[in-house]
Amino acid sequence: MAREKVLEIRDLTISFKTHGGKLQAVRGIDLDLYRGETIAIVGESGSGKSVTVKAIMGILSKNGQIEKGEINYTYQDKEVEVTKNILEFSKKQMRKTINGKRIAMIFQDPMTSLDPTMSIGNQVMEGMRTHYKTPKKEAYEKAVRLLELVGITNPEERMKSYPHHLSGGMRQRIVIAIALACDPDVLICDEPTTALDVTIQAKILELIKDIQRKTGISVIYITHDLGVVAKVADYVNVMYAGRIVEKGTTDEIFYNPQHPYTWGLLLAMPDLDTKTSKLYSIPGNPPNMAKEMTGDPFYPRNAYALHIDKEKEPDLMKVTDSHFAATWLLSEDSPAYTLPAELVERIERMKGKEEVAHGITS
């Protein structure tokens, strides 16, 4: 069965005007999202992950500017499939046609998304009533079903509650219910579990996966945590300094990583089986995006850097049909190298755990 493309980003470039000059936040990225699939965008704070998805939603801050690029969105309009570059939409068109109705977003802190003066029921019903003029009784019944879907007990009672009556995990479930109220094609999750404890995190991740299985919705997951990525994503895009530096299937990124930055992210994942007592951290700091960069921005932090890294930034190079990485280590002229021993051990452990999980034994 052919994959249906829902969202296509091409050469997206975004900058911000600041007191210190122009800050280049996103530098010419390409992304594809297909129906029913999950892509993850992963990287440190400041890498451009959240800015990218805010551009999709049309909610960049006032000092943000889209310099070039396209975000082509394919959707049904009056039973006809259309593809539009939503960067050409006005803010009014975005609010009326896209936001909440076709593309919905879950933010990191549910209290920034919920109105403390409105009941839970009214907040879940609001999108249906606004976008589709759904009759109140029908909207109420659907809101109750949505609360049941996201695992809220006594949904009819909770319809009368206010956000401050609920725990953090329950508030995030309510935000998910609100996001699903208008049956969107795309759900964007911007670090939706960061503010929650580990047990609630796992439940929310499983909830989003379960909803995806039931509805066929496409999901974009923003996170700095590769441990989360392993649980939710089909494809992974690793961002650094406003660019995608490696992308591939989840298995390719975890079991055959090619970029030294990806190696660092994998090594920084907490692992109970590691032999060292120290948590790994990538040395140095991300670059100042307000300054002009020469060469590969990861060069100063890269123990495997080549002389060319200081002079020229690499483009994405093909590893397989689905796997690409922007590193000169993949060039024909690169000297031979070996992966860090600790990373090789970690990859073997991850493969072993995956085999056990799927009942594969030698």
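Rules used in this analysis
- Residues numbered from 1 in each chain as written.
- Predicted model: local features only at pLDDT ≥ 70, side-chain atom pairs only at ≥ 80, totals over all residues.
- Heavy atoms only, no water.
- UniProt positions renumbered as here; feature names shortened; annotations may be inferred.
- Helix = DSSP H or I, 4+ residues; strand = E, 2+ residues; numbered from the N terminus.
- Rg over C-alpha atoms; globule rule 2.2 N^0.38 Å.
- Buried < 20%, exposed > 50% of the residue type's maximum accessible area, 1.4 Å probe, protein only.
- Contact = heavy atoms within 4.5 Å.
- Areas by Shrake-Rupley, 256 points an atom, 1.4 Å probe, with all protein chains shown as cover.
- Core = buried A, V, L, I, M, F, W, Y, C linked by side-chain atoms within 4.5 Å.
- Pairing = 2+ DSSP bridges.
- Axes fitted to C-alpha atoms, helices over the stretch in contact; angles between N-to-C directions.
- Expected span 1.5 Å × (residues − 1).
- Salt bridge = Lys/Arg side-chain N within 4 Å of Asp/Glu carboxyl O.

The name given to the protein chain in an unreviewed UniProt entry is ABC transporter ATP-binding protein, with the source organism recorded as Jeotgalibaca porci. Checking UniProt for the protein chain, the heading Sequence similarities (unreviewed entry) contains the comment "Belongs to the ABC transporter superfamily." Quoted verbatim from the Subcellular location (unreviewed entry) field of UniProt, the annotation for the protein chain is "Cell membrane".

A. Examining the overall build of the protein chain more closely. Across its full length, the protein chain holds 11 helices and 12 strands. For 362 residues, the compact-globule estimate of 2.2 N^0.38 gives 21 Å, and the protein chain sits close to it at 22 Å. Viewed in the frame of its principal axes, the protein chain has a C-alpha envelope of about 70 × 50 × 45 Å. Residues classed as buried in the protein chain amount to 48% of the 362 residues present. Sequence-distant contacts, at least 24 apart, represent 65% of the contacts inside the protein chain between residues at least 6 apart. Approximately 18600 Å² of the protein chain is accessible, and the part contributed by carbon and sulfur atoms is 51%.

B. Structural detail: the nonpolar core. Core analysis: the biggest nonpolar cluster contains 65 residues, and Ile176 and Tyr221 have the highest contact counts within it. The contacts of Ile176, once residues within four sequence positions are left out, are Ile106, Val150, Ile204, Leu207, Ile208 and Ile211. If you look at the next biggest cluster of nonpolar residues, it comprises 35 residues, including Ile9, Tyr75, Phe89 and Met239.

C. Up close: the sheet that holds strand 12 (residues 324–325). A sheet is described by the order of its strands in space; here 8 strands give the open sequence 6-7-8-3-9-10-12-11, paired in mixed fashion. Every interior strand has two partners, whereas the edge strands, strand 6 (103–106) and strand 11 (317–318), have only one. Where strand 9 (residues 235–240) meets strand 10 (residues 243–249), 6 bridges bridge the pair, whose relative direction is antiparallel. Looking across to strand 10, one finds that Tyr240 is bridged to Arg243. Seen against the sheet, helix 6 (residues 168–180) touches strand 6 and strand 7 (186–190) and runs at an angle of roughly 175° to strand 6.

D. Quick look at helix 4 (residues 136–149). Over its 14 residues, helix 4 extends 20 Å from the first C-alpha to the last, a length consistent with the 20 Å expected when each residue adds 1.5 Å. Of the residues making up helix 4, those classed as buried are Ala139, Lys142, Ala143, Val144, Leu146 and Leu147. If you follow the buried residues of helix 4, they end up packed against helix 3 (120–132), helix 5 (155–158) and helix 6.

E. Here's a closer look at the pattern of salt bridges. Applying the stated rule across the entire model yields 19 salt bridges. One salt bridge connects Asp32 with Lys5, and the closest N-O pair in it is separated by 3.3 Å. Here Asp32 is found in strand 2 (residues 21–34), whereas its partner Lys5 is found in strand 1 (residues 5–18), with 27 residues between them in sequence. For Asp32, a relative accessible area of 27% puts it in the partly exposed group. The class of Lys5 is partly exposed, set by a relative accessible area of 28%. Asp210 is the partner of Arg213 in a salt bridge, and the nearest nitrogen-oxygen pair spans 3.6 Å. On the criterion of helical spacing, the pair formed by Arg213 and Asp210 is a turn pair, its members being 3 residues apart in helix 7 (residues 198–215). In the salt-bridge network here, residues are joined through shared partners; they are Lys5, Glu8, Arg10 and Asp32.

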